[in-house]
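Overview (structure and organization)
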Amino acid sequence: MAVAAELGDVLEYLEDPVLGIEGMSRVHAETGVPLATNMCVTRIEHLRPAVAADAVQIVLSDHHYWGGLLRTRELAATCEAFGLGVSMHSNSHLGVSLAAMTHVGSTIRRLDYACDTHYPWNREDDVVRRGALEIVDGAVAVPDGPGLGVEIDEERVAALHRRYLAAGRTVRDDGGYMRRVDPGFSDVLPRY
């Protein structure tokens, strides 16, 4: 609460300062700072209780998690109907994902909050040829070439594939971290 009180006038929002809708509701009631989540609203059916509790003001969408570009647009429209803001959450994505995120973001009517990207930290590993995705003054221009408007560096794809094979990881567990906090957590993707 002290961080929210001290930084409330500086922040656009706080992202998931606590777990769960009930905890988020308490933080918002005590601080008035807008709260964003990609942790406690993870299905469409979570929206109504989050709104009723005034727990979430911004949903952080992720086109990978929510089912693609069309589903992300549908989520944004649903959030707008509920009076919620929308932004976009990022994971450690490369340029193809950032291009997709940029394209879908350009079609969301009320994308009123800054979107998150880890792209600058992953750029050295990128498979997209340089120049198509440049962050200038905090924004990425929507590429306008074929497909997502980016060109793939096939040599870089091959190098990353060799790195993947050498790592020996064959199973991905995105829910493992959450299960340490909440053993009952299920990382089933949302369905419409």
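Nothing here was measured: the structure is a model prediction, and the numbers come from that model. (Residues numbered from 1 in each chain as written. Predicted model: local features only at pLDDT ≥ 70, side-chain atom pairs only at ≥ 80, totals over all residues. Heavy atoms only, no water.)

1. So, the overall build of the protein chain
Tallying secondary structure elements over the protein chain gives eight helices and six strands in all. Scanning the protein chain from its N terminus toward the C terminus, one meets helices and strands in the order α-β-α-β-α-β-α-β-α-α-β-β-α-α. C-alpha extents for the protein chain along the principal axes are approximately 50 × 35 × 35 Å. Relative to its 192 residues, the protein chain shows a buried fraction of 36%. Pairs at least 24 apart in sequence give 59% of the contacts found in the protein chain among residues at least 6 apart. Summed over all atoms, the accessible surface of the protein chain reaches about 11400 Å², with 53% contributed by carbon and sulfur. Between the averaged position of the 18 positive side-chain charges in the protein chain and that of its 28 negative side-chain charges there is a distance of 6 Å. (Helix = DSSP H or I, 4+ residues; strand = E, 2+ residues; numbered from the N terminus. Buried < 20%, exposed > 50% of the residue type's maximum accessible area, 1.4 Å probe, protein only. Contact = heavy atoms within 4.5 Å. Areas by Shrake-Rupley, 256 points an atom, 1.4 Å probe, with all protein chains shown as cover. Lys, Arg positive; Asp, Glu negative; His and termini not counted. Charge placed at Lys NZ, Arg CZ, Asp CG, Glu CD.)

2. Observations concerning the pairing of strand E4 (residues 85-88)
The side-chain alternation of E4 yields two buried faces, one formed by Gly-85 and Ser-87 and the other by Val-86 and Met-88. Across four bridges, strand E3 (residues 58-61) lies against E4 in parallel orientation. Counterpart to Leu-60 in the pairing with E4 is Ser-87. For the crossover from E3 across helix H4 (residues 69-82) to E4, the handedness is right-handed. (Pairing = 2+ DSSP bridges. Right-handed = clockwise from strand over helix to strand, strands pointing away.)

3. Topic: the side chain of His-103
Its location among the elements puts His-103 in helix H5 (residues 95-105). Among the polar contacts made by the side chain of His-103, one reaches the main-chain carbonyl oxygen of Pro-143 at a distance of 3.4 Å. With near-sequence residues (within four places) excluded, His-103 lies in contact with Val-142, Pro-143, Leu-148 and Gly-149. (Polar contact = N/O pair within 3.5 Å; in protein donor to acceptor, adjacent residues only side chain to side chain.)

4. Let's talk about empty space enclosed by the protein
What the rule picks out here adds up to one cavity of 30 Å³ or more. Roughly 30 Å³ of internal volume is contained in the largest cavity. Forming the walls of the largest cavity are Asp-62, His-63, His-64, His-89, Ser-90, Asn-91, His-93 and Ser-97. Tallied by class, residues from the lining of the largest cavity come to no nonpolar, seven polar and one charged. (1 Å grid on protein atoms, 1.4 Å probe; cavity = no way out; pocket = protein on both sides within 12 Å on 5 of 7 lines; lining within 4 Å. Points joined across faces, edges and corners; volume = space filled by probe spheres on them. Nonpolar A, V, L, I, M, F, W, Y, C, P; charged D, E, K, R; others polar.)

5. Some words on the pattern of salt bridges
In total, this model carries six salt bridges according to the counting rule given. The salt bridge involving Glu-74 is made with Arg-71; its shortest N-O contact spans 2.8 Å. Placement of the pair is Glu-74 and Arg-71 together in helix H4, with a separation of three residues, close to one helical turn. For Glu-74, a relative accessible area of 29% translates into the label partly exposed. Through salt bridges with shared partners, a single network forms among Arg-129, Glu-151 and Asp-153. (Salt bridge = Lys/Arg side-chain N within 4 Å of Asp/Glu carboxyl O.)

6. So, the sheet that holds E3
Within the open sheet, the four strands sit side by side as E1-E2-E3-E4. Their pairing is parallel. This sheet does not close on itself; its edge strands, each paired only once, are strand E1 (14-15) and E4. Bridge count between strand E2 (residues 35-37) and E3: two bridges; the pairing is parallel. Residue pairing in the sheet places Thr-37 in a bridge with Val-59 of E3.

7. Section: the environment of Glu-154
Mapping Glu-154 onto the fold places it in helix H7 (residues 154-167). For the pair Glu-154 and Val-127, spaced 27 residues apart in sequence, the C-alpha separation works out to 7.3 Å.

8. Looking at the layout of surface pockets
Here the largest pocket is characterised by a volume of approximately 1400 Å³. Along the walls of the largest pocket sit 34 residues, with Asn-91, Ser-92, Arg-172, Asp-173 and Asp-174 positioned nearest its centre. With four residues, H7 is the largest single contributor of residues to the lining of the largest pocket. Looking at side-chain class alone, the lining of the largest pocket contains 14 nonpolar, twelve polar and eight charged residues. Around the second largest pocket sit 15 residues that line it, and Thr-102, Cys-115, Gly-138, Ala-139 and Val-140 are the ones nearest its centre. The set of elements that each furnish at least two residues to the lining of the second largest pocket consists of H5 and strand E6 (139-140). Among the elements that take part in the lining of the second largest pocket, H5 stands out by supplying four residues, more than any other. A breakdown of the residues in the lining of the second largest pocket according to their chemical character gives nine nonpolar, five polar and one charged.

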